[in-house]
Amino acid sequence: MAARRASAKEVRELVDSLGDRMGRELSTQSVLFHQAIAERLGLKGVDHKYLDVIRRAAEAGPVTPGDLVQLTGLTSGGVTGVLDRLEAAGFVRRVKHPTDRRQLVVEPVVERYAEIGALFAPFRERWAALCARYSLEELRLICGFFEQATALMAEEIARMQGEAGPRRR
């Protein structure tokens, strides 16, 4: 028996639900989850997410505070505040640039990664159990959706950061 084709109204309602109810709720829970992780690490807000930005960028080479301004969209003062908090908590160190002594490089403290990973371990286990409920085909579909949604969000961030507004100047 062939599956019934959804009406335009049903599709619109589901898309609205994904964006308005589910997307907003997932986003809110994500922020609250990362706030709880930050508190356990003795950090403020989502500073550990900025640590993740630093960590990934450092894999490609030295990361300067100016690089972080570009990567995060924060002001230089905002980056300084984040770095001060991360450094005080022992998650990064600022050292002289290897080739340009006029600049500083931000290095993540690799020895602290295990501590962060341990906080995420229970969530990762439950995430794996949730994913196990889906077929490989369904997981590929979900992954594709998340990749596209992530790209869409990155584009929106870039658009907003490109607009000269009171937050930026």
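In this text the structure is predicted, and so the values were computed from the model without any measurement.

Engineer: Please explain the nonpolar core as it appears in this structure.
Structural biologist: Inside soluble globular proteins, nonpolar side chains tend to come together where they are buried. Membership of the largest hydrophobic core comes to 21 residues, with the highest contact counts inside it found for Ile54, Leu68, Leu83, Leu86, Phe91 and Val92. Of all the secondary-structure elements, those providing two or more residues to this core are helix H1 (8-40), helix H2 (47-58), helix H3 (65-72), helix H4 (76-88) and helix H5 (113-131). Not counting chain neighbours up to four residues away, the residues in contact with Leu68 comprise Val53, Ile54, Val63, Gly73, Val79, Leu83 and Val106.

Engineer: Looking at this model, I keep getting lost on a nonpolar patch on the surface. Mind explaining?
Structural biologist: Where nonpolar side chains cluster on the molecular surface, the patch consists of Leu14, Leu18, Met22, Leu26, Phe123, Trp127, Leu130, Tyr134, Ile142, Phe145 and Phe146 and spans about 1000 Å² of accessible area. Among the elements of the structure, H1, H5 and helix H6 (136-162) are those that each provide at least two residues to the nonpolar patch. Tallying contributions element by element places H1 first for the nonpolar patch, with 4 residues. Within the secondary structure layout, Trp127 lies in helix H5. Under the relative-accessibility criterion, Trp127 is labelled partly exposed at 42%.

Engineer: Could you clarify how one ought to interpret the packing of aromatic side chains in this entry?
Structural biologist: Aromatic ring pairs are described here by two measures, namely the spacing of the ring centres and the angle between the planes. In total, this model carries 4 aromatic pairs according to the counting rule given. Judged by centre distance (5.6 Å) and plane angle (70 degrees), the ring pair of Phe33 and Phe120 falls under edge-to-face. Linking Phe33 in helix H1 with Phe120 in helix H5, this pair joins segments that are 87 residues apart in sequence. Note on Phe120: relative accessible area 16%, which makes it buried.

Engineer: How do you make sense of the packing of H1 against H5 when you look at a structure like this?
Structural biologist: Any two packed helices are characterised by the angle at which their axes cross and by the distance between the axes. The geometry of H1 relative to H5 is characterised by a closest axis approach of 10 Å and an angle of 145 degrees between their N-to-C directions. Two secondary-structure elements touch here, H1 through Phe33, His34, Ile37 and Arg40 and H5 through Leu119, Phe120 and Phe123. For the contact of H1 with H5, the residue count by class is 5 nonpolar, 1 polar and 1 charged.

Engineer: Please clarify how the state of the cysteines should be interpreted in this entry.
Structural biologist: Per the counting criterion, the structure on display carries 0 disulfides. The thiol of Cys143 is not disulfide-bonded; the next cysteine sulfur, from Cys131, is found 7.4 Å away.

Engineer: When you look at empty space enclosed by the protein in this model, what are you seeing that I'm missing?
Structural biologist: Gaps left between atoms are located by rolling a probe of water-molecule size over the structure's atoms. Overall, the coordinates contain 1 cavity of 30 Å³ or more when judged by the stated rule. Considering the residues around the largest cavity, the lining is formed by Tyr50, Ile54, Leu68, Thr72, Leu74, Val79, Val82 and Leu83. Going through the elements one at a time, H2, H3 and H4 are the ones with two or more residues in the lining of the largest cavity. If one sorts the elements of the lining of the largest cavity by residue count, H4 sits on top with 3 residues. Tallied by class, the residues present in the lining of the largest cavity amount to 7 nonpolar, 1 polar and no charged.

Engineer: Can you walk me through the pattern of salt bridges in this structure?
Structural biologist: Where charged atoms from two side chains of opposite charge come close, those side chains can pair. Under the criterion given, the structure shown has 10 salt bridges. Salt-bridge contacts for Glu107 lead to Arg93; the nearest nitrogen and oxygen are separated by 3.7 Å. Here Glu107, found in strand S2 (residues 104-108), pairs with Arg93, found in strand S1 (residues 92-96); they are 14 residues apart in sequence, far enough to count as distant. Among the residues examined, Glu107 registers a relative accessible area of 31% and is labelled partly exposed. By relative accessible area, which is 35% here, Arg93 ends up partly exposed. Note that Glu111 and Arg93 form a salt bridge whose closest N and O atoms lie 3.9 Å from each other. In this pair, Glu111 sits in the loop between S2 and H5 while Arg93 sits in strand S1, placing the two residues 18 residues apart along the sequence. One continuous salt-bridge network, built from bridges that share partners, spans Asp84, Glu87 and Arg94.

Thresholds applied
Residues numbered from 1 in each chain as written. Predicted model: local features only at pLDDT ≥ 70, side-chain atom pairs only at ≥ 80, totals over all residues. Heavy atoms only, no water. Core = buried A, V, L, I, M, F, W, Y, C linked by side-chain atoms within 4.5 Å. Buried < 20%, exposed > 50% of the residue type's maximum accessible area, 1.4 Å probe, protein only. Helix = DSSP H or I, 4+ residues; strand = E, 2+ residues; numbered from the N terminus. Contact = heavy atoms within 4.5 Å. Patch = residues over 30% accessible without salt bridge, like charges linked within 9 Å, V, L, I, M, F, W, Y side chains within 5 Å. Areas by Shrake-Rupley, 256 points an atom, 1.4 Å probe, with all protein chains shown as cover. Salt bridge = Lys/Arg side-chain N within 4 Å of Asp/Glu carboxyl O. Phe/Tyr/Trp six-rings, centres within 6.5 Å; stacked < 30°, edge-to-face > 60°. Axes fitted to C-alpha atoms, helices over the stretch in contact; angles between N-to-C directions. Nonpolar A, V, L, I, M, F, W, Y, C, P; charged D, E, K, R; others polar. Disulfide = S-S within 2.5 Å. 1 Å grid on protein atoms, 1.4 Å probe; cavity = no way out; pocket = protein on both sides within 12 Å on 5 of 7 lines; lining within 4 Å. Points joined across faces, edges and corners; volume = space filled by probe spheres on them.

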